[in-house]
Amino acid sequence: MTVIGPGLAGADELIVGPPPMSRLRWRRERPRIWRVTIFVLAAIFFLGPLAAAFKYSLQQDKGGYGFGNYGEIIKNNEVRSPLVTSLEIAILSAAIVILLILPTVVWVRLKKPKATAVMEFVTLLPIVVPPVVMAAGIQQFELNAPSWMFQYIDHAQSGLIPFYVVLAMPFTYRAIDTGVRAIDLHTLVDASRNLGASWPSTLVRVVLPNVQTAVLGALFLTVALCLGEVVIATLLLYNTFPVEVLVLYHQAQVGASVALSMITLTFTFLLLFGLSFLGQRRRGGRATGVI
């Protein structure tokens, strides 16, 4: 509100008061309206196709809706077996990636900080090389490989896990490296070593709990990559979950194919939700002083 009145010296004095309450309320509510609008549009953009896909997965061949396609996945071993195989590959690949990347990041940060740029360049190579080129090279390698090597690469688990570990390195290395840079690594390691802890014990009981969120993020990225990679598995003739989705689609079993995709999305969402929950729990424990 603006008030104009005589001053002490007889001159007019301009006194500017607070703006009207209606204007303050409008300024306060305007960002909320925009936030709600953006949230609704984003929800429609992401949830709309998911709802349509879920509805399509419920359609039966004889008409009507039901969970027959999901039941077919459970009953049919030809559909269930690739799903179990992909889950095994994802779990083993994630474990191997963490066992390789976490000690490497800690060693580079402690002993060889000048090699950080070299490590970042090396771990970027799987992104620079297209998966199709990598798969073609692997295929040629298997064609010319010695006969004694086929007993190790005859199964999808042993044949795909090494390559999925390499493909996951660019994402897992940066996720774990970001988590390690956020803590005082030198102080934690020096204190643990001075108290008599070995290097494996220091990594597991000191470093790992402090980078738990970053490690969970790396695990999530590796599992998502293993459940979605289809180029290498197709060219190497391994029957994994993404390959089975394509096979069902080409066999005109579109409902079962979409049902498999919905299962993957649900599993990925549960992983992401669990990662967010554990991350919030970890931050709450730090705030309250709980280790």
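Up top is the structure these notes are about.
Residues numbered from 1 in each chain as written. Predicted model: local features only at pLDDT ≥ 70, side-chain atom pairs only at ≥ 80, totals over all residues. Heavy atoms only, no water.

A word on the packing of helix H3 (residues 77–110) against helix H9 (residues 199–210)
Phase 1: Taken N-terminus to C-terminus, the directions of H3 and H9 make an angle of 95 degrees; their axes are 12 Å apart at the nearest point. Between H3 and H9, the angle falls in the class roughly perpendicular. For the pair H3 and H9, the contacting residues are Leu 102, Pro 103, Val 106 and Leu 110 in the first and Trp 199, Leu 203, Val 207 and Leu 208 in the second.
Phase 2: Classifying every residue of the contact of H3 with H9 by side-chain character gives eight nonpolar, no polar and no charged. (Axes fitted to C-alpha atoms, helices over the stretch in contact; angles between N-to-C directions. Helix = DSSP H or I, 4+ residues; strand = E, 2+ residues; numbered from the N terminus. Parallel < 35°, antiparallel > 145°, perpendicular 65-115°, else oblique. Contact = heavy atoms within 4.5 Å. Nonpolar A, V, L, I, M, F, W, Y, C, P; charged D, E, K, R; others polar.)

Concerning the packing of H3 against helix H12 (residues 241–250)
Phase 1: Where H3 contacts H12, the axes come no closer than 8 Å and their chain directions differ by 150 degrees. With respect to H12, the axis of H3 lies roughly antiparallel. Between H3, through Glu 78, Val 79, Pro 82, Leu 83 and Ser 86, and H12, the contact on the second element is made entirely by Phe 241, Pro 242, Glu 244 and Leu 248.
Phase 2: Its residues placed into classes, the contact of H3 with H12 shows six nonpolar, one polar and two charged.

Some details on the side chain of Ser 192
Phase 1: Take Ser 192: it is sitting in helix H8 (residues 185–194).
Phase 2: On the basis of relative accessible area, Ser 192 is assigned to the buried category, the value being 7%. (Buried < 20%, exposed > 50% of the residue type's maximum accessible area, 1.4 Å probe, protein only.)

Regarding the nonpolar core
Phase 1: Counting residues in hydrophobic clusters, the biggest one holds 41 residues, and the most contacted among them are Leu 160, Ile 176, Leu 185, Val 207 and Ile 232.
Phase 2: Per-element tally for this core: the top contributor is H3, with eleven residues.
Phase 3: With near-sequence residues (within four places) excluded, Ile 232 lies in contact with Pro 131, Met 134, Ala 135, Ile 138, Leu 160 and Leu 167.
Phase 4: If you look at the next biggest cluster of nonpolar residues, it comprises 13 residues, including Ile 73, Val 258, Ala 259 and Met 262. (Core = buried A, V, L, I, M, F, W, Y, C linked by side-chain atoms within 4.5 Å.)

What to know about the environment of Cys 226
Phase 1: In this fold, Cys 226 is placed in helix H10 (residues 212–228).
Phase 2: Cys 226 sits in the buried class, given a relative accessible area of 3%.
Phase 3: For the pair Cys 226 and Leu 87, spaced 139 residues apart in sequence, the C-alpha to C-alpha distance is 8.2 Å.
Phase 4: Excluding residues within four positions of it along the chain, Cys 226 makes contact with Ile 89, Ala 90, Ser 93, Tyr 164 and Pro 242.

Examining H8
Phase 1: Buried within H8 are the following residues: Leu 185, Val 189 and Ser 192. Projected onto a plane normal to the axis of H8, the buried residues spread over an arc of 65 degrees and lie on a single side.
Phase 2: Buried residues in H8 make contact with H3, helix H7 (156–181) and H9.
Phase 3: Remark: Gly 196 follows H8 within two positions and exhibits a positive phi of approximately 100 degrees. (Arc of directions from axis to C-beta.)

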